[in-house]
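Working through the structure, step by step
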Amino acid sequence: MISVSKNINDIRALVPDGTRLVAVSKTKPVGMIEDAYGAGQRLFGENKALEMRDKHAVLPDDIEWHFIGHLQTNKIKYIIQYVTLIHSIDSLSLLQAVNKEAAKHDRVVDCLLQFHIATEETKFGLDQPECDDLLRHYGELPNVRIVGVMGMATNTDDKSQVRREFKNLHAIFDDLRQGFFANRAEFKELSMGMSHDWQIAVEEGSTLIRLGSTIFGPRDYGVKVND
């Protein structure tokens, strides 16, 4: 039997100061999230907007909801009133859409720029020219705040490749922090590392690790969730 609270406490014992744990609760029942909450966990990550909406409606108000999946523009309205951080801004058009919805609720929503650092073409993310174009328009968007970057490494057993990809993302983060975001204290988050590679991510400077199966057990792919 899975002990969610024990898993969280075991992970916390290994995670250094300066790195925060996002419990990825996608497809998991409310009861498991309540177990994690009871163990003191407050940051939860979801990748489906309607699933996040439904869980937010029945769970404590002090939970910080992080949206970590590919966000469709027509689903932003379901999360914009309460989402704490959107990890997955992968285009200028998406950032503009988030800004438009946030303005309707008089909010400034924190966002991370997602970069494509893996060899897998199926993963989403910006390249450098796309990032440069996005930043040229950032000043026109007062209802979003870019606070860092996110990336997913290649799903491989080659730890040296994973480490290279995380080093690459950290270099991108450093370049942006020293360049475009110089003297902006809010630009501080480096979101990288999942259940299979989080230890390497922490060693490479991650400030946010996104762990699902390590906490809640294997994902049940037979579970149907709203999107």
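Coordinates for the structure precede this section.
Please read these numbers as outputs of a predicted model, since none were measured by experiment.

To continue, consider the overall build of the chain. Scanning the chain for helices and strands turns up eight helices and eight strands. Expected size for 227 residues packed as a compact globule is a radius of gyration near 17 Å; at 17 Å, the chain falls within 12% of this value. The principal-axis extent of the C-alpha atoms belonging to the chain is close to 50 × 45 × 30 Å. Restricting the contact set of the chain to residue pairs at least 6 apart, pairs at least 24 apart contribute 61%.

With that out of the way, let us pick up the side chain of N99. Residue placement: N99 occurs in helix α4 (residues 92-104). The class for N99 is buried, based on a relative accessible area of 10%. A distance of 2.7 Å separates the side chain of N99 from the backbone nitrogen of N143, its partner in a polar contact. In this structure, N99 is in contact with L141, P142, N143 and V144, ignoring residues within four places of it in sequence.

Under the counting rule described, the total for this entry stands at six aromatic pairs. Where Y138 meets F180, the ring centres are 6.1 Å apart and the plane angle is 50°; that geometry is what we call tilted. Taken together, the positions of Y138 in helix α5 (residues 128-138) and F180 in the loop between α6 (159-178) and β7 (189-191) put the pair 42 residues apart, joining distant regions of the chain. Among the residues examined, Y138 registers a relative accessible area of 8% and is labelled buried. Between F181 and F187, the ring centres sit 4.1 Å apart and the planes meet at 10°, which makes this aromatic pair stacked. By way of ring pairs, the aromatic residues Y138, F173, F180, F181 and F187 are connected into one cluster. A cation over an aromatic ring shows up here: R42 above the ring of Y37, its NZ or CZ 3.6 Å from the ring centre.

Analysis parameters
Residues numbered from 1 in each chain as written. Predicted model: local features only at pLDDT ≥ 70, side-chain atom pairs only at ≥ 80, totals over all residues. Heavy atoms only, no water. Helix = DSSP H or I, 4+ residues; strand = E, 2+ residues; numbered from the N terminus. Rg over C-alpha atoms; globule rule 2.2 N^0.38 Å. Contact = heavy atoms within 4.5 Å. Buried < 20%, exposed > 50% of the residue type's maximum accessible area, 1.4 Å probe, protein only. Polar contact = N/O pair within 3.5 Å; in protein donor to acceptor, adjacent residues only side chain to side chain. Phe/Tyr/Trp six-rings, centres within 6.5 Å; stacked < 30°, edge-to-face > 60°. Lys NZ or Arg CZ within 6 Å of the ring centre and 35° of its normal.

Note that all results are geometric; they support no functional claim without further evidence.
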